[in-house]
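Next come the chains, spelled out residue by residue.
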Amino acid sequence: MKIKLKEMGNSLFFSLIGIAAILILWTLGVKFTSVGLLLPTPLEVLQRMAYTFSNAIGRELTLPMHLAVSLRRVVIGFSLASVCGVVLGIAMGRFRMVEAVCKPLFELVRPIPSVAWIPLAIVWFGIGETAKTFIIFMAGFVNIVVNTYAGAKQVDENMLGVAYMLGANEIQAFFHVVIPSCVPYIFAGMQVGLSTCWMAVLAAEMVSSTEGIGWTITAGQENGDMTQIFVGIIAIAVVGLLLAVLMRWAERVLCRWRVRGK
Amino acid sequence: MNTEKLNTAKKQKRKYQVISLLSVCVFLLVWYLATAVFELVPAYSLPSPVKVLETFITKFHSKAPDGATLPKHFISSLQVAMSGYVLGAVIGVPLGIAMGWFKVVDKIIRPVFDLLKPIPPIALIPVMIVVFGISLQAKAVLIFFSTVIPCILNSYSGIRQTKQIHLWVSQTFGASNMQMLFTVAIPSALPMIFAGLRVAMGSSWMALVAAELLASTSGLGYLISIGRSLLRSDLILVGIFSLGMINIVITAIFNVVEKRFVRGGKAE
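Quick look at the structure, then. Keep in mind it's a predicted model, so treat the numbers as computed, not measured. (Residues numbered from 1 in each chain as written. Chains lettered and ligands numbered in written order. Predicted model: local features only at pLDDT ≥ 70, side-chain atom pairs only at ≥ 80, totals over all residues.)

**Section: the overall build of chain B**
Defined as follows: Here a helix means four or more residues in a row that DSSP labels H or I, a strand means two or more in a row labelled E, and each is numbered from the N terminus. Our radius of gyration looks at C-alpha atoms and nothing else; its globule reference is 2.2 Å times the residue count to the power 0.38. Burial is judged by counting the other C-beta atoms within 10 Å of a residue's own C-beta: 20 or more makes it buried, 12 or fewer makes it exposed, and any count in between marks it as partly exposed, with every C-beta position built from the backbone. C-beta atoms are first placed from the backbone for all residues, and any pair lying within 7 Å is then listed as a contact.
Counting its regular elements, chain B contains ten helices and zero strands. Secondary structure elements of chain B occur, N-terminal to C-terminal, as α-α-α-α-α-α-α-α-α-α. Against the compact-globule benchmark of 18 Å for 268 residues, chain B has a radius of gyration of 24 Å, which places it well outside the compact range. When its C-alpha atoms are laid out on the principal axes, chain B stretches across 75 × 70 × 30 Å. Scored against the burial criterion, the 268 residues of chain B give a buried share of 38%. Intrachain contacts of chain B at a sequence separation of at least 6 include 70% that bridge at least 24 residues.

Laid out in structure tokens, this is it:
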């Protein structure tokens, strides 16, 4: 225990030194070299970040409100993608008929980078919320289907056999054997899907929108306001990290019997 | 008896293959009927599959309306992707290995890496545009970022997952630290490293398309964004499908290379 604590203190110490070194190098670089023409100092970025918590970026929304707009889009798109993806993935993995019909069509869509849907979404749905939901949906959907399908394919046939032998009917076997053994795979898919969705919403907002966190960095670019871009990037990174942690936590709570690699 | 079983299994398989084929045909037919025959949707939003194919073929030699042929766009995208990707892999993989093997490197680089890791590369596009303009450089640096992070991450955890027993054995036989790294740790990390290279390919391709949508004058992403501003969805679809096809080809190449170089199972 003591050793562990000491080790933790040690690594914390090194992390702090590392981060301090970056910040100092960054500040020195900005202050004394021509980099300063382009980049703000970390202190300026922090100040601006604090400032935008209560003051609007753009017309009326503050930084947290921009984040909320983007998160709302992600939540809607991602939930739709999760529901559809899990259903299709399991159906494809368990029923050969569904697999035969849907797999070739899915294989057509799968290799397309989700960002590439943006122009088509805009032509189809305009630049409103529907287009963004569609883009986020596509980003999450593909990942979730791929993983769920893999999970449903590897359900242990012996276990199914045992369930049937003990008198379970199709439905019971499905809910007590198939679904639980898919759950870790579904979570893996949802984790990748969520981070892809977070990236897709940025891209969608950068291409066309009037609010949201992705818009704040493109607006910064258009005004040549590097500080605003950095504020946006930091906010994006922090929220992305929080989303990942949240998924991890949900996985740990919801499927305790099998935690994937830590 | 056994051959009979095999035969029915074969028949079953053939049946499902026929269904798969039919499914694609029905999809194309419905698409064709909805667009070309009944005109349920306006042609600018969804062209018929025939039109898409026509555009695809004419784009091979025609420069209109975006100033370059399809192969040219393809080469320009590929050039950017490769320059960033190769750089990212060449730096990322050894760095990840070093971080996994040498505690000192880990301690120094880890905090920097943890700071950069959660930033989606797409968010860096505006910075790149301000710093480098819309040149090849800007995109190459962007792709470098989206490659280097998964490469480091996977090589690192690959090395970290080396079986302790294998290391003990080599130690018992008197291997030096370097010998242990090159003959035990790296070969056993290879599947993970390859998985990282794959992930990196996917994410760098995505970053490239995003960069080309936002600011560029050539490339497949540029082609689809022109298609959007001219309301030529046939052009967009041609671009999207070409992107998909390239992805398939790249995956196939990866499979071949992996089979050739990696012994022992694939990483999950």
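**Some words on the interface of chain A and chain B**
How large an interface is tends to be reported as the accessible area lost when its parts come together. Heads up, the condition is: Ten residue types, Ala, Val, Leu, Ile, Met, Phe, Trp, Tyr, Cys and Pro, are classed as nonpolar, four, Asp, Glu, Lys and Arg, as charged, and the remainder, Gly among them, as polar.
Of the residues lining the interface, 43 residues belong to chain A; the matching set on chain B comes to 42 residues. Sorting the residues of the side of chain A that touches chain B by element identifies α1 (2–32), α4 (96–109), α5 (117–125), α8 (170–207), α9 (213–222) and α10 (226–254) of chain A as the ones contributing at least two each. Here the element with the most residues in the side of chain A that touches chain B is α10 of chain A; it accounts for seven residues. Residues of the side of chain A that touches chain B, tallied by class, amount to 32 nonpolar, nine polar and two charged.

**Observations regarding the nonpolar core**
Taken as a class, soluble globular proteins show a tendency for nonpolar side chains to be buried jointly. The cut-off we apply is this: Nonpolar cores are built from buried Ala, Val, Leu, Ile, Met, Phe, Trp, Tyr and Cys residues. These are joined into a set through C-beta atoms within 7 Å.
Counting 119 residues, the largest nonpolar core has Ile118, Ile135, Ala200 and Ala203 of chain A together with Ile125, Leu142 and Ala210 of chain B as the members making the most contacts within it. If one sorts the elements of this core by residue count, helix α8 (residues 177–214) of chain B sits on top with 19 residues. Dropping the residues within four chain positions of it, Leu142 of chain B is found in contact with Gly84, Pro121, Leu124, Ile125, Met128, Ala207 and Ala211 of chain B.

**Brief notes about the packing of α9 of chain A against α10 of chain A**
All names here are of chain A. Note the following rule: Lines fitted to the C-alpha atoms define the axes, with helices restricted to the stretch that makes contact. Angles between their N-to-C directions range from 0 to 180 degrees. Angle categories are assigned with fixed cut-offs, so that under 35 degrees is roughly parallel, over 145 is roughly antiparallel, 65 to 115 is roughly perpendicular, and the rest are oblique. Two helices that cross are described as forming a left-handed crossing if the nearer one is turned anticlockwise from the farther one by less than a right angle, and a right-handed crossing if clockwise.
Between α9 and α10, the shortest axis-to-axis distance is 7 Å and the interhelical angle comes to 160°. Relative to α10, α9 is oriented roughly antiparallel. Handedness of the crossing formed by α9 with α10: left-handed. Side by side, α9 and α10 meet where Ile213, Thr216, Ile217, Ala219, Gly220 and Gln221 of the first sit next to Met226, Gln228, Ile229, Gly232, Ile233, Ala235 and Ile236 of the second. Residue composition of the contact of α9 with α10, by class: eight nonpolar, five polar and no charged.

**Concerning α8 of chain B**
Cut-off, in case you're wondering: Expected span of a helix, by definition, is 1.5 Å for each gap between consecutive residues, and there is one gap fewer than residues. Think of it this way: the bend at a residue is just the angle between two axes, each fitted to seven residues, one set ending at that residue and the other starting at it.
With 38 residues, α8 of chain B should reach 56 Å at 1.5 Å per residue; the first-to-last C-alpha distance of 48 Å falls well below that figure. In the structure, α8 of chain B departs most strongly from a straight axis at Leu190 of chain B, where the bend amounts to approximately 50° and where the proline Pro191 of chain B lies between one and four residues downstream.

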